[in-house]
Amino acid sequence: MPLDLQARFERMLNASRDTGDGGREILETAYHTLAAGKAMLRWPDVGLEDLWAHALKEGRTMFDDPAVRWGKTGPKETADMLGQTTIGPWQMTLRNVQKEYGPQFGVKSEWTAGQVFEFCQKHPQIQAGMICDYIQISYSTYGTRSPYAIQRYFWLAAFVRGEIGQGAWDSSVLPKPPDGDWTKLTAAMKRDTGFYAKQILLGTDYNRRGLLYWLWLNDDLDAIKATLQTWADQRDGSWDEAEAQANLIGPRGRYHISADDLQYVPEEECRKAIASALERIKPREGN
């Protein structure tokens, strides 16, 4: 029987002691927010593992600094390719908070950027709620834990158009701007970057605990198998500018995970469990 949310939280907290007091605060905030939402039948496809994998990827360097843990970070600090200002450990953009995900949590359209930053810093649980909304919409649109759903967190349109994420999958997703100036980034620099969604799924050399690791830790082998099958079945897409979403009309197979992709997964037993699941995964044939 799958572990309940509290049991998952306790296991993950115990395995995340290396993230310090800041990490504990973020994981606890995620847990309490998700539990409250699920009690109201919200976010059916979002797991604590999803929230934690994204937080580790997006904001791990901020965990130890109380001044920025829930506050704003600018493009010079994050090397953002579009020069965006982001907020908190899940690095939601100011625009998304102001226009898309914040209003239902109390963000007012007439607020200045400074007022938005102040509000978010005072309400970490609202940051967690907004990211739950974001992930749920991604999963509802493109499939739970699918490549495109996870990539939506990190500029899906540019990925589908081949403008980012076309280098080695485990390369940095952020190109290094000349002189630290994001405006000097070239198209080639952006294109030659790593595949964000795959890094979330499997981890990298600097963040080895990806989404599959946390599912394994919680004995959720069914979720691992379902996720691997979803990746194997994922079609390539083209970007529909009018609808602002990907049309999944291309061939399957590009996103199939292989045993060779597991080099960063920590713990031998975890790698064996994922590799064993992979042996039974075959891309679906036909339409």
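Higher on the page you've got the structure.
Definitions and limits used
Residues numbered from 1 in each chain as written. Predicted model: local features only at pLDDT ≥ 70, side-chain atom pairs only at ≥ 80, totals over all residues. Heavy atoms only, no water. Salt bridge = Lys/Arg side-chain N within 4 Å of Asp/Glu carboxyl O. Helix = DSSP H or I, 4+ residues; strand = E, 2+ residues; numbered from the N terminus. Buried < 20%, exposed > 50% of the residue type's maximum accessible area, 1.4 Å probe, protein only. Arc of directions from axis to C-beta. Contact = heavy atoms within 4.5 Å. Polar contact = N/O pair within 3.5 Å; in protein donor to acceptor, adjacent residues only side chain to side chain. Axes fitted to C-alpha atoms, helices over the stretch in contact; angles between N-to-C directions. Parallel < 35°, antiparallel > 145°, perpendicular 65-115°, else oblique. Nonpolar A, V, L, I, M, F, W, Y, C, P; charged D, E, K, R; others polar. Pairing = 2+ DSSP bridges.

Observations regarding the pattern of salt bridges
Here comes step 1: Under the criterion given, the structure shown has 17 salt bridges.
Here comes step 2: In this structure, Arg-8 and Asp-220 form a salt bridge, with 2.9 Å as the shortest nitrogen-oxygen distance. In this pair, Arg-8 sits in helix H1 (residues 5-15) while Asp-220 sits in the loop between helix H12 (211-217) and helix H13 (221-233), placing the two residues 212 residues apart along the sequence.
Here comes step 3: On the basis of relative accessibility, which here comes to 10%, the residue Arg-8 falls in the buried class.
Here comes step 4: According to the relative accessible area criterion, Asp-220 is buried, its value standing at 14%.
Here comes step 5: Put simply, Arg-254 and Asp-236 hold a salt bridge, and the shortest N to O gap is 3.1 Å. Of this pair, Arg-254 sits in the loop between strand E5 (245-247) and helix H14 (268-278) while Asp-236 is found in the loop between H13 and strand E4 (238-240), placing the two residues 18 residues apart along the sequence.
Here comes step 6: Through salt bridges with shared partners, a single network forms among Arg-8, Glu-49 and Asp-220.

Overview of H14
Here comes step 1: Those residues of H14 that fall on the buried side of the exposure criterion are Cys-270, Ile-274, Ala-277 and Leu-278. One side of H14 carries all its buried residues, which in axial view fall inside an arc of 105°.
Here comes step 2: The elements touched by buried residues of H14 are H12 and H13.

Here's the deal with the environment of Asp-240
Here comes step 1: With respect to the helices and strands, the residue Asp-240 is situated in strand E4.
Here comes step 2: The partly exposed category is assigned to Asp-240, whose relative accessible area is 21%.
Here comes step 3: Along the chain, Asp-240 and Lys-190 lie 50 residues apart, while their C-alpha atoms are 21 Å from each other.
Here comes step 4: Apart from residues no more than four positions distant in its own chain, Asp-240 is found in contact with Gln-245 and Asn-247.
Here comes step 5: Polar contacts involving the side chain of Asp-240 include one to the main-chain amide nitrogen of Glu-243, which spans 2.9 Å.

Overview of the packing of H1 against helix H2 (residues 20-39)
Here comes step 1: Closest axis-to-axis distance for the H1/H2 pair is 11 Å, and the angle between their directions is 170°. When the axes of H1 and H2 are compared, the pair comes out roughly antiparallel. Only Arg-24, Leu-27, Glu-28, Tyr-31, Leu-34 and Ala-35 of H2 make contact with H1, whose side of the interface consists of Leu-5, Gln-6, Phe-9, Met-12 and Leu-13.

A short note on the packing of H1 against helix H3 (residues 48-59)
Two measures define how a pair of helices packs: the angle their axes make with one another and the distance between the axes.
Here comes step 1: At a minimum axis distance of 10 Å, the contact between H1 and H3 shows a crossing angle of 30°. Viewed along their axes, H1 and H3 adopt a mutual orientation that is roughly parallel. Facing H1, whose interface residues are Leu-5, Arg-8, Phe-9 and Met-12, H3 presents Leu-48, Glu-49 and Trp-52.
Here comes step 2: Each residue belonging to the contact of H1 with H3 can be placed in one class, and the counts come to five nonpolar, no polar and two charged.

Considerations on unusual backbone geometry
Here comes step 1: Notably, Gln-91 is not glycine yet its phi reads approximately 50°, a positive angle.
Here comes step 2: Tracing the chain through its elements places Gln-91 in the loop between strand E2 (86-87) and strand E3 (92-93).
Here comes step 3: The phi dihedral of Glu-267 is positive, around 75°, even though this residue is not glycine.
Here comes step 4: By secondary structure assignment, the location of Glu-267 is in the loop between E5 and H14.
Here comes step 5: For Glu-267, a relative accessible area of 41% corresponds to the partly exposed category.

Here we look at the sheet that holds strand E1 (residues 72-73)
Each strand in a sheet pairs with its neighbour through backbone hydrogen bonds, running either in the same direction (parallel) or in the opposite one (antiparallel).
Here comes step 1: What the three strands build is an open sheet, ordered E1-E2-E3; its pairing is antiparallel. In this open sheet, the two edge strands, each paired with only one partner strand, are E1 and E3.

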